[in-house]
Amino acid sequence: MRVRKNVWRLPAGDQTLLWYGKAVAAMKERAPTDPLSWHYQAAMHGIRPLPAAMKQFWGQCQHGSGFFLPWHRMYLLRFEQIVAAHVKAAGGPEWSLPYWDYSVPEHRALPPAFREPASPLFVAQRGQGWNGGRQLVEEAVDLQSLGQVGDDFFGDEQPAHSGNEPGALELTPHNAVHASIGGWMGDPDTAAADPIFWLHHCNIDRLWDVWLKRDPENNKNPTAALWLDGVKFAFHDDKAQAVAMTSRQILAGLDYSYEDISDPFGNAAGFAAPGAPRPAMSKAARELVGSTAQPVTLGETAQDVHVATPITPAQFRAAASPAAFIAPDAKAHQLVHKVWLRLEHVTSTAVCPTYDVLVHGKRVGRIAMFGIAQASDPDGEHGGAGQNFSLDITRVYHELFDQQVIDPDKLEVSFAPVEPAANATVTVGRIGLYFA
Ligand code: C2O
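Helices and strands together make up the secondary structure of the protein, namely twelve helices and 13 strands. For a compact globule of 436 residues, the expected C-alpha radius of gyration is about 22 Å, and the protein comes in at 22 Å, within 12% of that figure. Summarising its shape, the C-alpha atoms of the protein cover approximately 75 × 45 × 40 Å along the three principal directions. Out of the 436 residues in the protein, the part that is buried amounts to 54%. Taking contacts inside the protein between residues at least 6 apart in sequence as the whole, the part at least 24 apart equals 75%. For the protein, the accessible area works out to roughly 18,000 Å², and carbon and sulfur atoms hold 53% of it. Computing the positive centroid from 36 side-chain charges and the negative centroid from 47, the protein places the two 4 Å apart.

Turning to the nonpolar core, a few remarks are in order. Residues Tyr-20, Trp-100 and Trp-198 are the most contacted members of the largest nonpolar core, which totals 80 residues. Per-element tally for this core: the top contributor is helix α3 (residues 68-89), with eleven residues. Ignoring sequence-local partners within four residues, the contact set of Trp-100 consists of Val-7, Trp-8, His-107, Arg-108, Ala-109, Leu-110, Leu-136, Val-177, Ile-181, Ile-196, Leu-199 and Asn-203. If you look at the next biggest cluster of nonpolar residues, it comprises 36 residues, including Ala-330, Leu-341, Met-369 and Val-413.

Turning to the side chain of Ser-37, a few remarks are in order. Following the sequence through the fold, Ser-37 ends up in the loop between α1 (16-29) and α2 (38-45). The exposure class assigned to Ser-37 is buried, which follows from its relative accessible area of 0%. Engagement of the side chain of Ser-37 in a polar contact is seen with the backbone oxygen of Ala-31, the distance being 3.1 Å. Separated by 2.8 Å, the side chain of Ser-37 and the backbone oxygen of Asp-34 make a polar contact. In this structure, Ser-37 is in contact with Met-27, Arg-30, Ala-31 and Pro-32, ignoring residues within four places of it in sequence.

This model, assessed by the stated rule, comprises zero disulfides. There is no disulfide at Cys-61, and the cysteine sulfur nearest it, in Cys-352, is 12 Å away. Cysteine Cys-202 remains unbridged, with the sulfur of Cys-61 as its closest cysteine sulfur at 18 Å.

Once that is clear, we can look at unusual backbone geometry. Peptide bonds are, in most cases, trans, and in most cases residues other than glycine have a negative phi. Each neighbour pair has its own omega, and for Arg-48 with Pro-49 the value is -10°, a cis peptide bond. Note that the residue after Thr-172, namely Pro-173, is joined by a cis bond; omega there is 5°. Tracing the backbone shows Pro-173 in helix α6 (residues 168-181). Phi at Ala-240 is positive, roughly 70°, even though this residue is not glycine.

Procedures and definitions
Residues numbered from 1 in each chain as written. Predicted model: local features only at pLDDT ≥ 70, side-chain atom pairs only at ≥ 80, totals over all residues. Heavy atoms only, no water. Helix = DSSP H or I, 4+ residues; strand = E, 2+ residues; numbered from the N terminus. Rg over C-alpha atoms; globule rule 2.2 N^0.38 Å. Buried < 20%, exposed > 50% of the residue type's maximum accessible area, 1.4 Å probe, protein only. Contact = heavy atoms within 4.5 Å. Areas by Shrake-Rupley, 256 points an atom, 1.4 Å probe, with all protein chains shown as cover. Lys, Arg positive; Asp, Glu negative; His and termini not counted. Charge placed at Lys NZ, Arg CZ, Asp CG, Glu CD. Core = buried A, V, L, I, M, F, W, Y, C linked by side-chain atoms within 4.5 Å. Polar contact = N/O pair within 3.5 Å; in protein donor to acceptor, adjacent residues only side chain to side chain. Disulfide = S-S within 2.5 Å.

The following block contains the structure:
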């Protein structure tokens, strides 16, 4: 069984990246219409404009969808197989894709080989500073998502190329890392042309395994027939033959393992301990308890928004459990089990605008809008409906409510732009507060 290794921990003298570079160079020499070429592989993720004749294979990446994780796993498997074949053809050893584990503070810069201008792994089109050793910030790589279950972890049930609603892992660190590196990585139509894309996705794929392993009681893959067998995605093998794959096919019996899938938190406080029963609250069962009345425009400066919340936690509980006695001094967690802040029908023409979101001054997460321009395009897949983003703000909400910081009839939400693209304007149709 092949082992996918941590790129920052490869032993001295290891040749994984050297061979990766040689394979990338060989792939770049092939014609764009050749499935084994660099251009073709990147175009399978996204390309603008998408040539009609290539629709079956190009522009297929699944985002804002529960197919995000399985589709990218299939894509990595086929890509890795193709790179390995190039390596072998050039006389190299067995090759497997390494991963970029940016959870380790010392490993948050691009590995040096990607920053050498002479290397085929170098890309000039990256955000400022990345080729000089800039590092990802904590907010971009935080792993709160590993504490989520069900559709909070996976995102929307329907397949989608761009749009709907990303799951927690897709939002952060996935989207946030794309946004941070910027350049080609900031746009789904160019992202896979940066060789670092594949190491980033290898880590996201690994984190899926980490999540499954850290809490098998609560963390389970979807069981819906649509997710398991309902959609077949088209790829090519290392002989350029077309192959179709379903999610079920990539859940077991894979020919690789990861060097490390241990729980990054151990028993760190603040994260639901593995195995502790968690209320199975599906997003589908949540209730809107407050919202903005008008669309909100976010720009390049920080902005405060008041979300009117006509339904208080006590009223919510009284309606949800009419027979229950509610003590006047009940704590927030007794009244509301889960709290989400949701940005709905978000549209923008900018590439990957990114905001840190705060509730009454406390940070609740980062929203990096990877693919927002495509999702906002009126001629696109969803007619320009844009994207939705949910943040689970339960912990902060409980804390602030119990400290009586939260105003009974409005929630103070702030958006702090993170390196906004020039003239970025984002329209949020509605900001909603949801309880379950
Ligand atoms: Cu399909 Cu990280 O993108």
